[in-house]
Structure formats: structure tokens, C-alpha cells
Amino acid sequence: MNSVVGAVATTLSSFTDGQAWASARSCSFSSIVLLFVVILVQMPLACHVQAVQADSGRGEVEGSQPLVLSATMRPNPIARVPLVAIIDVRTSTAVRAEVEVATGSRRWTQPFPGPPSTNFSFPVMGLSPDTVHRIELTVHATEGTERQTLTPFLFRTPPLPASFPPLHTTLARGGKMEPGVTLFAVNLWHESTSMLDYGFIIGVDERGEVVYYCHTEDRIADMRVLSNGNILYQHGSYRYAYEIDLLGRDYHRWVATNLTELPDDQSIGVEVDTMHHDLLELPNGNFMTLATELRHFERYPTSEFDPHAPWAPAYVVCDKVVEFRPQTGEIVDELPLTELLDRRRFGYMALTTFWKDKYEKLLPEPARDWSHANGLLYLPAENCIIVSFRHLDCVMKIDWQSKQIRWILGDPEGWGDAWQAYLLKPQGKLRWFYHQHAPQITPRGTLLLFDNGNYRARPFHPPVLAPHNRSRVVELGIDEQAMTVRQLFEYSGEPDAPFYSPFYGEADWLPQTHNLLITDGGRIELADGTPHDDVPGEHQWARIFEITRDDPPEKVFEVEVDSGLGSQYGWSIYRAMRVPNLWDGFHLDAPGVDEPVQVFQRERHESKLIPELDVLTSP
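So, here is what we can say about the structure in this document. Keep in mind that what you see is a predicted model, and the values were worked out from it rather than measured.

Attention now moves to the layout of surface pockets. A volume near 1100 Å³ is recorded for the largest pocket. Contributing to the lining of the largest pocket are 35 residues, with W189, S192, S194, T353 and F354 lying nearest its centre. The set of elements that each furnish at least two residues to the lining of the largest pocket consists of strand 10 (193-194) and helix 3 (356-359). Here the element with the most residues in the lining of the largest pocket is helix 3; it accounts for three residues.

Next comes the structure, spelled out in C-alpha cells:
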């Protein structure tokens, strides 16, 4: 029966582009017979994909003039977001509107996301791929009690493309989960290479079923919803950032112009080397991000294992925080974080070359990745920021106005005398975190971290390698007056199912249930399932899961992206978020029938030719 319904939907889809239902008389007799057979047999889905005339539908309408003058349905013209139907409506008076959408297994109601109007385009969100949807539009007059419900539309969505990530939902306990849609972006790896020109933003519902995607063709790092309802994301190359809406339009592109050519005159240049890991919208409307700068250290370690190894000059990639105006790219404030850190202190991975594609062509030797800031929070009530330094195994709170340290949280070993007064002292049983990601402040003021746990040691101490290691989520309570920290909660998997992600990861506090949504984003394993520290392994995959805060916690949701052992492709997920639905809080301005839609050409990461790089010298 599904195939028959699909055939009917396909036959009728020609009526979705503005043709009147009267033109159905030109269809073949067999098509009409097939339609009525389906209506009789499949009554719950009986509807027409058509231009609905003013006298169609039902409802309380006074006088001879109906509320709806015309209503037609069409697919989203922005091809990279296909799981959207658009209803174009003209009415005789200003109305509010809503749709009820039904498939064989789902039913929901969506209000029109704009103000009352007499002429509007209604984007219907949350559709499933390769599915016939019954979409019923109801309008309500803003003055008076008139309402009208139209004869429903049928709308069939296309199947997922062949290039879509291999998602597998292994668990979904709806009654215990936080309601809503999980939004995330997937990254593709081909052997040891991250594919910068591949990307999807994906939304899955409480069943773990796909209800949204945008084929961005961009590897995506940080992603968040702006106050205007659009989506802001950083490109995984850390050269670009984009603002798009949920329907697929591009609005703005920002480019880190110190090392990257502007791709066009529409792009907005920001005079930094990179924009990486976090990009925030501040209450004043400005953006804040992490950036890098290259310095030359006169003394830098040459070994993480031998305390007697000499120190030598080195080029070092350092971090800074930058605030800029999104309209122009003008930098209005910045803080070189090197000025606040102990340059004698370093951690495991300080000799790696994460930034080689940005700097190595400009230097006679590899540039070292010293601090590797990977998380940034802004606290508006205090005008403070929190920065996570992955390679230094610490999190730091800084007053943004005075640029002074408030506190330092992490393994205290290795800090010089000048930093001792800022170190938070542990109270009770506490395990230090290592190479952490994504600091989050919970509604009760505690700090959540995804503790990747790489090596679980400071340099010159024996490292814990992947086969014996595990990651965890940890919640910490901080008393700034007493300068103390206490561990309140940790989760490192079920006793028989630990997990270890050597990179990426996040934990979000969910507001209704107080569950935790965890992005276990960078799993690397050998062929026998043994965890591995470095890309590539034989198996690279990622997952998102949700746990309760019971004792012990219960896992209530899990979705994986995994091509399986033996595939040349691997997957990772930087972060994820749970949103209530795909319309509240989002900017949904459906494109008109003939409206030009802005989607930027994705020029490919053109490095700027720099004859001589200006390098700061640090003692």
C-alpha cells in the first residue's frame, strides 16, 4: 500500500507548483481511478497535493466570503534542505495559521512561525525522508471567531541521499528522555584526513529518526543558535564562519584574513590567523571567538618523557580571545592568553603540530601546539570568560574588563609561584581531568566538562595509554570565596561498557529532565575494539547519548554514526544540542516562489601568500 500511496503522491505532485485543482481533469482516467481507490482503502491518508480553492475545506466561516482565497504547496526551493514543505496562502483577512502533520507513525501540530498576515508562506518542518505526509492547514481570523480547515495536502519527501552519514539508533526510551530534536553536525574522515568539503547538519527526533538535514558541504566545528533564530557555525578548517537559516539560506560568511584570502566581496574579513573551537554571540551583539597567533619561544621543551632533555628555541602557536563586530569584522577587544599563562608549564601533546596546514609553509620548522585552547564561555552577569586549555589540562576564569585571572582549575603540578594563589584547592574525593573539552555552566552554577582523559598524567609521569584509559563526564562545584572545588558527579560508562574519546566531546544539562546529553564524539579503535589514541585506527566512529541523573545513571537514548570495521571512512561529532522543536526560536522565512536565494559558492580554503610572517618573540 505504501508504494501505491507513493505513486499517487508522485502523480499528484505536479499540482504543487501553483496549478489549480481544475487542471486535474486533464489527467489520464487511470490516474483518477487510482486516486479514488487509494482514498477508499487508505482513508486516514486521503488528501490531495493540489492548489486548494477558496471553497475547499471546512470550518466556521461567516458570510459567503471564505477566509482562504488560495493555498498551494511546493517543496523548499533550497535543495540542500529538502525535508521541508512550503504552503503559500492568500486570505481575505489577517489570520493566524497552524498545520497538523501526520504519517503512518507520527502526528504533530506546528504553528505558523510569523505574525498574522493575509499573504504568507508557511514552512512545514520536521518531515521524515521518503515518506508521504498528510498536511492539514487551519487558519483563524485575528478579528472574530472565524476559522477554516482546508482539505489536506499529500506531500512526499525524497529519500536520504547516498552520501548521507550512516546513522544507527540503538536506544530511544521516549518517556525518560528530554523531549525535542537533537541537532548535530557530522565530520567525515578518509583514513587519516579530515574531509573539509563534506558536511551535514542533522536533526533526529525522540525516536532517533531523521527529521531534518542541511547538506552544507562544510566540515563543521562549533555550532549554535543565534538570538535572531539563525544558525552560526565555524568551518572545521578554522578559516571561516557562516550564518545560515534552518531553510538553507546563507546570510553571512566571516573569514580569518591574516592567513586566508577573501573568497568574494560579500565575505566579511576578520584580521586574525584563525577562528577556532568556539564562536559566541555576546549580549551586546558582538561575536567572541578563540584565535591563534604565532610566537617564537627562546626556550621550549624537546621531550614530554625525559626531564633531563634540553629546552630549545621553537615556533609556538598560542591562543587569544577576540571580540569583533559581526557587521564589519572590526576587532573591538582582544586578550593574548599567553600573557596570563606560565610559559614554563606544558603538557602531553605540546610537541604536536595541529596547526601545520596554517603555518608550516611559512616556517623553516614545525610550529608546536602549546596551549590548544578549545572551549570558551562568556558569563554576562560577571563580564567574565572561562577558557579551557586542552594541552595544559586546565580551565581558567578571567575578568574580561580587567583581563585578570579569577581562578585556575586543574592538576596543580607545574605552575610557578606567581600562579599559586589562583589555583582552586580540591575538597573531598576528586579526580583531576586531562585534555578536557566543552566547559558548560549548569543552571545551578556548577561546571560540566567532558574529560577526554588523554594520558591522565602530567609530563615526566608515566602516561595512561588508550587501551587502559576511559573518558568521563564530570560535574564540579566551585566556591570562589574559599577558592575550593568539589567533585559532585561523574559518569564514565556502564561497568561493562566504558568509553574513551581521545578528541572532541561535550555534555549538556537538559532543562526539563536534568538529564545529560553527551557527545562521545571521537572514538578510535583497533580491529579488535581496543581503544587507540591517534588517527587513524582501524575503526573511527562517534555517538550521542543521553543519561539520567539517577544512581546509577540510566542510558535512555543513543544514536551512532559508524561505517563499521574495515571501511576506509571514519566519523566524528564535535558537539550536539537538544532543541524543543524546529520552529520555536528559529528564523523561518520561507523563500517566495521566484525569490533569489543566497547560497555562497564554497571556495576552497585559499591560503594567503605571505612573503614574510610577523612573529612575536617570547622569552
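What follows continues from the structure just given.
Our focus in this paragraph is the environment of E475. Looking at the secondary structure, you find E475 in strand 30 (residues 472-479). Using a relative accessible area of 0% as the deciding quantity, one classes E475 as buried. As a C-alpha pair, E475 and F450 span 25 residues in sequence and 9.1 Å in three-dimensional space. Beyond its immediate stretch of four places on either side in the chain, E475 contacts T442, R444, T446, L447, L448, R486, Q487, L488, F489, W509 and R549. A distance of 2.9 Å separates the side chain of E475 from the side chain of R444, its partner in a polar contact. For E475, the side chain forms a polar contact with the side chain of T446, separated by 2.6 Å.

Bringing the packing of aromatic side chains into the picture now. Scanning the model with the defined rule gives 28 aromatic pairs in all. Look at F164 and F200: their rings are 5.2 Å apart centre to centre, the planes differ by 70°, and that puts the pair in the edge-to-face class. Of this pair, F164 sits in the loop between strand 7 (153-156) and strand 8 (167-172) while F200 sits in strand 11 (residues 200-204), placing them 36 residues apart in sequence. The buried category is assigned to F164, whose relative accessible area is 10%. F200 gets classed as buried once you look at its relative accessible area, which sits at 0%.

Thresholds applied
- Residues numbered from 1 in each chain as written.
- Predicted model: local features only at pLDDT ≥ 70, side-chain atom pairs only at ≥ 80, totals over all residues.
- Heavy atoms only, no water.
- 1 Å grid on protein atoms, 1.4 Å probe; cavity = no way out; pocket = protein on both sides within 12 Å on 5 of 7 lines; lining within 4 Å.
- Points joined across faces, edges and corners; volume = space filled by probe spheres on them.
- Helix = DSSP H or I, 4+ residues; strand = E, 2+ residues; numbered from the N terminus.
- Buried < 20%, exposed > 50% of the residue type's maximum accessible area, 1.4 Å probe, protein only.
- Contact = heavy atoms within 4.5 Å.
- Polar contact = N/O pair within 3.5 Å; in protein donor to acceptor, adjacent residues only side chain to side chain.
- Phe/Tyr/Trp six-rings, centres within 6.5 Å; stacked < 30°, edge-to-face > 60°.

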